[in-house]
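Below, each chain spelled out in residue letters.
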Amino acid sequence: MADQSNIQSAASKSIRPFKSSEEYLYAMKEDLAEWLNTLYDLDITADTFMDALETGCALCRHANNVNRTAQEFQLESPQAAQSMKVPSKDVVFQSRNVVPGSFLARDNVSNFIAWCRQELWIKDVLMFETNDLVERCNEKNFILCLLEVARRGSKFGMLAPMLIQLEEEIEEEIRDQESLRITRELPAEQSSPSRCNGRKESHESVEDEEEPDPEPHIWPQKRVLLDMRNLDELVREILGHCSCPAQFPMIKVSEGKYKVGDSSALIFIRVLRTHVMVRVGGGWDTLEHYLDKHDPCRCARDRWRQCSAASPLSVSPRAAVAKSCLIPSRV
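As named in an unreviewed UniProt entry, the protein is Growth arrest specific 2 like 1, taken from Nothobranchius furzeri. UniProt, in its Sequence similarities (unreviewed entry) section for the protein, records the words "Belongs to the GAS2 family." The record in UniProt for the protein states the following under Subcellular location (unreviewed entry): "Cytoplasm, Cytoskeleton".

Structure below.
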């Protein structure tokens, strides 16, 4: 139940409740598996992701590597580290002859969880419990926790998964746009001598008393430049799955940024391997699943399917209208 409520909270602006989908979780597992394979020369895939990590050995090993990287960062950049939470306490774990599901495996996972809470101060909404991994009770929160651990590690200079690199790219674009907006507004403020002269003395006194808080340090990442030339074509292809005469409006504003629906809402879209991903709040979703939640046609289509599956002879006229918009099922 907690898993479903978290998803619904992230999709609070949807026009219908969030339906469970495995595609965005699979995309995240692919990304995390490739990241761990690169760091530790492992052989993890999205399909074997949970099995490969359930003993907790790789998790605890990574936690200790984050500690070492953070301590090196603290020595090299002490001033920047002052405004950051720097983990230091290593995780004690058993690395040999650990059988999945055994007490040793559970103890390793529990120690990793304690490290996430105590050393990284990860919020409970992003945490998981031992059974979530060992017994596959809550795959989503386990994946979100690993992404957050990777996000924290990237601040100290560790290699980040592609999703984290895409987040940083989008955040940088937002900061650049905000700086440009402020720069454009600045001349208008300076053109009023009375305002400047009237506030000059008080402004100087404030500067003498207070210093602005330092901005959080962002360690430079070696990002992989993505080819976005075909992104618009992929977006149009996914939109084309709906055969309605009036399709859900989705207008390209700039590379990777689109205006959706009848509102002024803007979304960022990126390609992650074979998935077209949408930046939603603090997380990610696939574009197809995002449209399933926001496109009225697709919502009506799903309602018609649900009604017809429940009782083919008692479909309401309103739900039956969606039948004309149905798209063929894909294997």
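Turning next to the nonpolar core. Of all hydrophobic cores here, the largest spans 46 residues; its most connected members are F49, F112, W115 and F142. Looking at this core, the elements that each hand over two or more residues are α2 (23-40), α3 (49-53), α4 (57-76), α6 (103-118), α8 (139-155), α9 (162-190) and β3 (266-272). The element that contributes the greatest number of residues to this core is α2, accounting for 9 residues. Once you skip the residues sitting within four places of it in the chain, W115 turns out to touch A63, V66, N67, P87, K89, V91, L120 and V149.

It is worth spelling out the sheet that holds strand β5 (residues 283-286) at this point. Taking strand neighbours across the sheet as the criterion, the 5 strands line up as β1-β2-β3-β4-β5 in an open arrangement whose pairing is antiparallel. What marks the edges here is a single partner per strand, and that holds for β1 (250-254) and β5. Going across the sheet, the axis of each strand differs from the next one's by a mean of 40 degrees, ignoring polarity. When strand β4 (residues 275-280) meets β5, the two strands line up antiparallel, connected through 4 bridges. Bridging across to β5, V278 finds its partner in D285. The strands touched by helix α11 (residues 231-239) within the sheet are β1, β2 (257-260), β3 and β4, with β3 carrying the most contacts at an inclination of about 105 degrees.

Scoring rules and cut-offs
Residues numbered from 1 in each chain as written. Predicted model: local features only at pLDDT ≥ 70, side-chain atom pairs only at ≥ 80, totals over all residues. Heavy atoms only, no water. UniProt positions renumbered as here; feature names shortened; annotations may be inferred. Core = buried A, V, L, I, M, F, W, Y, C linked by side-chain atoms within 4.5 Å. Buried < 20%, exposed > 50% of the residue type's maximum accessible area, 1.4 Å probe, protein only. Helix = DSSP H or I, 4+ residues; strand = E, 2+ residues; numbered from the N terminus. Contact = heavy atoms within 4.5 Å. Pairing = 2+ DSSP bridges. Axes fitted to C-alpha atoms, helices over the stretch in contact; angles between N-to-C directions.

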